[in-house]
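Chain residues, written in single-letter form:
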Amino acid sequence: MDRHQRFALLTEEATGDREHGLPGRPRFNEGPVGIRKVRLPGGGVTKLMRVMQTNACSLSCGYCPTFCGGKVRRVVLSPEETARTFMEAHRAGMAEGLFLTSGVPGRPQRAMDRMLATVDLLRRREGFRGYVHLKMLPGADEGQVRAAAQLASRLSVNLEGPSDAVVRRLAREKDLSGDLLPKLELAGRLSREARLEGRPELAAPSGTTTQFVVGSQGESDRDLLGLVSRLEGKGLLHHAHFSAFQPVAGTPMEGLPPTPAAREFRLYQAEHLLRQYAFRFEELVFGSNGNLELDQDPKTAWAVGHPERFPVELLKASREELLRVPGIGPRAADRLIATRRGTVLRGADDLRRLGVDVTRGGHFMALGGKRLAPRAPAQQLRLFMPGGHLPSVVWNTPVPPCAYR
Ligand code: SF4
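Note that this is a predicted model, so its numbers are computed, not measured.

1. Focus: helix α6 (residues 176-196)
- Remark: the principal bend of α6, roughly 25 degrees, maps to Pro-182.
- Every buried residue of α6 is listed here: Leu-176, Leu-180, Lys-183, Leu-184, Ala-187, Gly-188, Leu-190 and Ser-191.
- Along its buried surface, α6 packs onto α4 (142-151), β7 (154-156), α5 (164-170), β8 (208-214) and α7 (221-233).
- Following α6 by one or two positions, Gly-198 adopts a phi angle in the positive range, close to 80 degrees.

See below:
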């Protein structure tokens with residue numbers, strides 16, 4: 001296979017990844033090269049090339065088609081090929097940033113060195129100063145984390161699960177408390193210290209991320225969000241990704257049921273409450289099974305349990321109070337505060353124009369002393385039927401479905 005064919009096989013074009021994707025998939029020469037428009041931390045959109053350096057792997061992650069026993073075609077890109085292909089796309093105006101991940105064939109340090117060599121070529125030889133997200137591999141050593149922090153804009157370490165037992169069941173070679181977690185904490189500390197010194201460019205200026213495979217091993221949302229909350233609270237993690245487990249053909253977990261898409265969606269909503277709405281972990285509402293409710297978003301679940309806090313008078317409330325109201329996000333809160341200073345807000349239509357979701361949150365809002373809806377919505381619209389985003393048969397994909405988060 002030539003370089004572009006191998007590139008096409010190692011990018012997310014092969015997966016149908018669904019997160020952050022915007023319409024439009026540019027093609028490059030004779031094949032697709034996995035370039036997507038994605039949102040950048042802090043705002044804006046960039047064209048990101050997401051690629052695995054190799055899908056060869058000697059680990060046994062039970063959800064992954066490229067696990068050591070997987071019957072997929074294995075291909076490799078050298079650091080030179082990866083850097084050259086990216087720079088060709090970059091110079092053609094097609095890619096502005098790179099997301100680089102890899103399987104782990106043999107010694108993890110060797111695979112990690114090849115990824116570092118790719119980014120080193122981009123930074124030092126090609127003079128590329130743009131966004132690079134580098135996935136740290138399980139088994140990478142401390143020196144490699146430090147080197148990666150100097151080269152990459154963002155580092156990520158996939159924790160996969162919230163406890164040692166869950167992670168071992170997902171992949172027997174992976175070690176949460178002895179390897180993955182200390183690696184993520186070190187990357188987070190390097191990035192945080194550089195930010196505190198006022199020189200964020202010295203170490204992963206966009207911070208760290210992680211990912212969890214959700215739902216195949218009985219872990220609870222409480223366990224997942226508890227770990228995320230602890231890391232984000234210490235400034236060691238910028239944000240987390242949650243991938244609802246979905247069975248892939250030919251993997252050891254092919255026969256397990258998929259996780260409902262709604263669970264992944266609720267986890268993202270709850271993580272946003274912790275990170276952007278000043279909610280404390282203890283305030284999140286979990287059911288007796290330790291999971292978030294699927295039929296109600298986490299903010300509404302909290303609001304229903306605190307009737308003494310509502311309705312909130314929208315003409316007077318502080319930003320913090322507004323952010324507690326279902327249907328009001330940070331942008332709508334800011335618009336509301338800016339607008340109410342000089343304009344008379346008369347009703348629901350004015351609020352909707354500012355981005356307030358009156359249908360969802362009207363019961364929790366008052367305007368000029370008048371509550372906007374007499375009752376809380378009995379049940380929210382389902383955005384997905386459970387499992388609705390998943391294929392009805394097991395997936396067939398040559399790269400891990402969650403490789404590029
Ligand atoms: S998830 Fe990553 S480490 Fe695990 S088998 Fe797949 S490629 Fe290898």
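2. Overview of the environment of Leu-159
- Tracing the backbone through its elements, the reader meets Leu-159 in the loop between β7 and α5.
- C-alpha of Leu-159 to C-alpha of Thr-209: the two residues are 50 residues apart in sequence and 9.7 Å apart in space.
- Not counting residues up to four positions away in its chain, the partners in contact with Leu-159 are Leu-176, Leu-180, Leu-181, Leu-184, Thr-210 and Phe-212.

3. Quick notes on the site of the ligand
- Near the ligand, the surroundings consist of 10 residues, among which Cys-57, Cys-61, Cys-64, Phe-67 and Gly-103 are the closest.
- In terms of residue class, the shell around the ligand is built from eight nonpolar, two polar and no charged.

4. With respect to the sheet that holds β7
- Across the sheet, seven strands lie side by side as β3-β4-β5-β6-β7-β8-β9; this open sheet has mixed pairing. Each of the sheet's edge strands pairs with one partner strand only, and the pair in question is β3 (35-39) and β9 (239-244). Pairwise comparison of adjacent strand axes, ignoring direction, gives a mean angle of 25 degrees for this sheet.

5. Some words on α4
- Listing the buried residues of α4 in full gives Val-145, Ala-148 and Ala-149. For α4, the angular spread of the buried residues around the axis is 100 degrees, confining them to a single face.
- In this structure, the buried residues of α4 make contact with α3 (108-125), β6 (132-135), β7 and α6.

6. Here we look at the nonpolar core
- Counting residues in each nonpolar core, the largest one holds 98 residues, and the members touching the most others are Leu-134, Met-136, Ala-149 and Ala-187.
- Two domains each provide a minimum of three residues to this core, namely domain 1 (3-215 + 236-253) and domain 2 (309-371).
- Ignoring sequence-local partners within four residues, the contact set of Leu-134 consists of Leu-100, Met-115, Val-119, Ala-148, Ala-152 and Leu-155.

Here is what the cut-offs are and how they apply
Residues numbered from 1 in each chain as written. Predicted model: local features only at pLDDT ≥ 70, side-chain atom pairs only at ≥ 80, totals over all residues. Bend = angle between axes of the 7 residues up to and from the residue. Helix = DSSP H or I, 4+ residues; strand = E, 2+ residues; numbered from the N terminus. Buried ≥ 20, exposed ≤ 12 C-beta atoms within 10 Å, placed from the backbone. Contact = placed C-beta atoms within 7 Å. Near = placed C-beta within 6 Å. Nonpolar A, V, L, I, M, F, W, Y, C, P; charged D, E, K, R; others polar. Pairing = 2+ DSSP bridges. Axes fitted to C-alpha atoms, helices over the stretch in contact; angles between N-to-C directions. Arc of directions from axis to C-beta. Core = buried A, V, L, I, M, F, W, Y, C linked by C-beta atoms within 7 Å. Domains from an automatic or database assignment.

Note that all results are geometric; they support no functional claim without further evidence.
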